[in-house]
Amino acid sequence: MSVAKNKPNVIKKSLIDAVLAGLLALIVFGPIVGVVLQGYSFELESSRVAWIVGAVMIGRFLISLLMQTPSGIRMSQGLERGGAGVHVLAPGHKSALRWVIPATIVIAFVFPYFANPYVLGVVILGLIYVLLGLGLNIVVGLAGLLDLGYVAFYAIGAYGLALGYQYLGLGFWSVLPLAAIAAAMAGCILGFPVLRMHGDYLAIVTLGFGEIIRLVLNNWLTLTGGPNGLPAPLPTFFGLEFGRKAKEGGIPIHEFLGIAYNPSLKFIFIYGVLFLAVLAVLYIKHRLTRMPVGRAWEALREDEIACRAMGLNHVLVKLSAFTLGASTAGLAGVFFATYQGFVNPTSFTFFESALILAIVVLGGMGSTVGVVIAAFVLTVAPELLRSFSEYRVLLFGVLMVLMMIWKPRGLIRVSRTGVVPRKGVAS
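Keep in mind that this is a model prediction, so the values were computed, not measured. (Residues numbered from 1 in each chain as written. Predicted model: local features only at pLDDT ≥ 70, side-chain atom pairs only at ≥ 80, totals over all residues. Heavy atoms only, no water.)

Colleague: What's the story with the overall build of the chain in this structure? I'm lost.
Modeller: The secondary structure content of the chain amounts to 17 helices and eight strands. Split into buried and exposed, the 427 residues of the chain put 38% on the buried side. Carbon and sulfur atoms make up 70% of the accessible area of the chain, which amounts to about 24,100 Å² in all. (Helix = DSSP H or I, 4+ residues; strand = E, 2+ residues; numbered from the N terminus. Buried < 20%, exposed > 50% of the residue type's maximum accessible area, 1.4 Å probe, protein only. Areas by Shrake-Rupley, 256 points an atom, 1.4 Å probe, with all protein chains shown as cover.)

Colleague: Quick question: what am I supposed to make of the pattern of salt bridges here?
Modeller: Note that side chains of opposite charge can pair when their charged atoms are close. Summed over all chains, the structure comprises four salt bridges. Residue Asp-17 is joined to Lys-13 by a salt bridge in which the shortest nitrogen-to-oxygen separation is 3.2 Å. Remark: Lys-13 and Asp-17 occur in helix H1 (residues 2-33); sequence separation between them is four residues, near one turn of the helix. Taking the relative accessible area as the measure of exposure, Lys-13 reaches 44% and is therefore partly exposed. In this structure, the salt-bridge partner of Arg-295 is Glu-298, at a minimum N-O distance of 3.8 Å. Taken together, the residues Arg-295 and Glu-298, both in helix H12 (residues 292-302) and three residues apart, mark about one turn of the helix. Note on Arg-295: relative accessible area 41%, which makes it partly exposed. (Salt bridge = Lys/Arg side-chain N within 4 Å of Asp/Glu carboxyl O.)

Colleague: Is there a simple way to think about the packing of helix H5 (residues 117-142) against H12 in this case?
Modeller: In contact at an axis separation of 8 Å, H5 and H12 are set at 45° when each is read in the N-to-C sense. In terms of their interaxial angle, H5 and H12 are classed as oblique. Within the contact between the two elements, H5 uses Ile-138, Gly-141 and Leu-142 and H12 uses Trp-297, Glu-298 and Arg-301. (Axes fitted to C-alpha atoms, helices over the stretch in contact; angles between N-to-C directions. Parallel < 35°, antiparallel > 145°, perpendicular 65-115°, else oblique. Contact = heavy atoms within 4.5 Å.)

Colleague: What exactly am I supposed to notice about helix H2 (residues 46-67) here?
Modeller: Note that an α-helix has 3.6 residues per turn; residues three or four places apart therefore point the same way. In a regular helix each residue adds 1.5 Å, so 22 residues correspond to 32 Å; H2 covers 31 Å between its end C-alpha atoms and thus fits that length. Among the residues of H2, those classed as buried are Val-49, Val-53 and Ser-64. Around the axis of H2, the buried residues are gathered within 25° of arc, so they sit on the same side. Pointing more than 90 degrees away from the buried face of H2 are the exposed residues Trp-51, Ala-55, Ile-58 and Leu-62. (Expected span 1.5 Å × (residues − 1). Arc of directions from axis to C-beta.)

Colleague: Explain the packing of aromatic side chains here, please?
Modeller: How two aromatic rings sit relative to each other is set out by the distance from centre to centre and by the angle between their planes. Scanning the entire structure with this criterion turns up 13 aromatic pairs. Pairing Phe-153 with Phe-209 gives two aromatic rings, centres 5.6 Å apart and planes at 40°, and the pair type is tilted. Here Phe-153, found in helix H6 (residues 151-168), pairs with Phe-209, found in helix H8 (residues 199-219); they are 56 residues apart in sequence, far enough to count as distant. Taking the centre distance of 6.3 Å and the plane angle of 25° together, the rings of Tyr-271 and Phe-275 count as stacked. Taken together, the residues Tyr-271 and Phe-275, both in helix H11 (residues 264-289) and four residues apart, mark about one turn of the helix. For the pair Tyr-271 and Phe-275, one class covers both residues: buried. (Phe/Tyr/Trp six-rings, centres within 6.5 Å; stacked < 30°, edge-to-face > 60°.)

Colleague: Sorry if this is basic, but what is going on with H6 here?
Modeller: An ideal rise of 1.5 Å per residue puts 26 Å on 18 residues; H6 measures up with 24 Å between its terminal C-alpha atoms. Listed in full, the buried residues belonging to H6 are Val-151, Ala-152, Phe-153, Tyr-154, Ala-155, Gly-157, Ala-158, Tyr-159, Leu-161, Ala-162 and Gly-164.

Colleague: Would you explain a nonpolar patch on the surface in this entry?
Modeller: A cluster of nonpolar side chains, namely Val-106, Phe-109, Val-110, Tyr-113 and Phe-114, defines an oily patch on the protein surface of about 630 Å² accessible area. Structurally, Phe-109 can be placed in helix H4 (residues 97-114). (Patch = residues over 30% accessible without salt bridge, like charges linked within 9 Å, V, L, I, M, F, W, Y side chains within 5 Å.)

Colleague: What is the right way to look at the packing of H5 against helix H15 (residues 350-363) in this model?
Modeller: A pair of packed helices is characterised by two quantities: the angle between their axes and the separation of those axes. The N-to-C vectors of H5 and H15 enclose an angle of 75°; their axes lie 8 Å apart at closest approach. It follows from the interaxial angle that H5 and H15 lie roughly perpendicular. Residues Tyr-129, Leu-132, Gly-133, Leu-136, Asn-137, Val-140 and Gly-141 of H5 touch H15, and the partners they reach there are Glu-352, Leu-355, Ile-356, Leu-357, Ile-359 and Val-360. Split into classes, the residues belonging to the contact of H5 with H15 amount to nine nonpolar, three polar and one charged. (Nonpolar A, V, L, I, M, F, W, Y, C, P; charged D, E, K, R; others polar.)

Quick look at the structure:
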């Protein structure tokens, strides 16, 4: 009887939700989908907007009806419980990663033998964004310092290789550690002025730093080439070069091995070195998060006042986060430059910083595995959606909204393994 009485209220609430969702869809999709620019004029596409708004209203009406049923209420409560707090595992829990990691390494080893150059290039970009996501995860995910200018350190690494090759004759292997050190020093320099800043103020300063670096690269024509950019060298293997013809005094690797020239060989080599670099960064980050410095980052993220009250030096904690995060971006910049063979300022805009931040948020703040998965999702998905190139950014925004609703802590939450109390210790 009570269900029959409440049925009109359920339908009324669902209709209200559907109308509100339709109005919101009209506001969001109307200017984007309903207006088609043609030169200096435009045309209205009312039918497309009507279809989208109608689909949103019907979907919202059905979802609202479902969520008011007993099973929908249980589902909603389950999602709320699953997204809150840090997940504590049972003592002695064995992670499935002990099988996943060796299997991933084996798959990564045989992958180049079956992949075409296009797929290999997409995976290389995915690995580069994994490095960037891991670095920013230290700054934002672990230390809680919102950095919107992270792309500046990425640019320092890329231009470090190009400038070192252009003016000093340095190669890939020489610049790789130097770029990481230079980016780390830039991170340390940025860290000092923002020691007393938090939240929005910190985000504005770091955003300004990223724009300053981009404008310098764009306008310092005599050094960086400005918008024209600079060439970047390919990596070498014990002095052997991967081009069709080597520089004066050099030997191409295909001639040394006595095989036909294969343009994919250089990408296979970059892929192999980059994969080893990602594994090294993953291991170092895994160890750091379990060391005192990693616990200090998390303490700073949760409550800086309590962190300082416990005697932790917040200056060193912040600087260490900025420095290590920036050095990882410097490494990624070197790999990006040698993969592209060319760098210019258009590759280091604010959108790149937003994309890297989205990788950290979608993957899960502080979650290493989540960042790796999100990096590949957000780099491979645009390639799969090339036929929807007009709506890729729109789909990206919808994905972000859905993730924040259903998985506010990201794809994979941070988990901690429980500890069994020792005998004689009060529980």
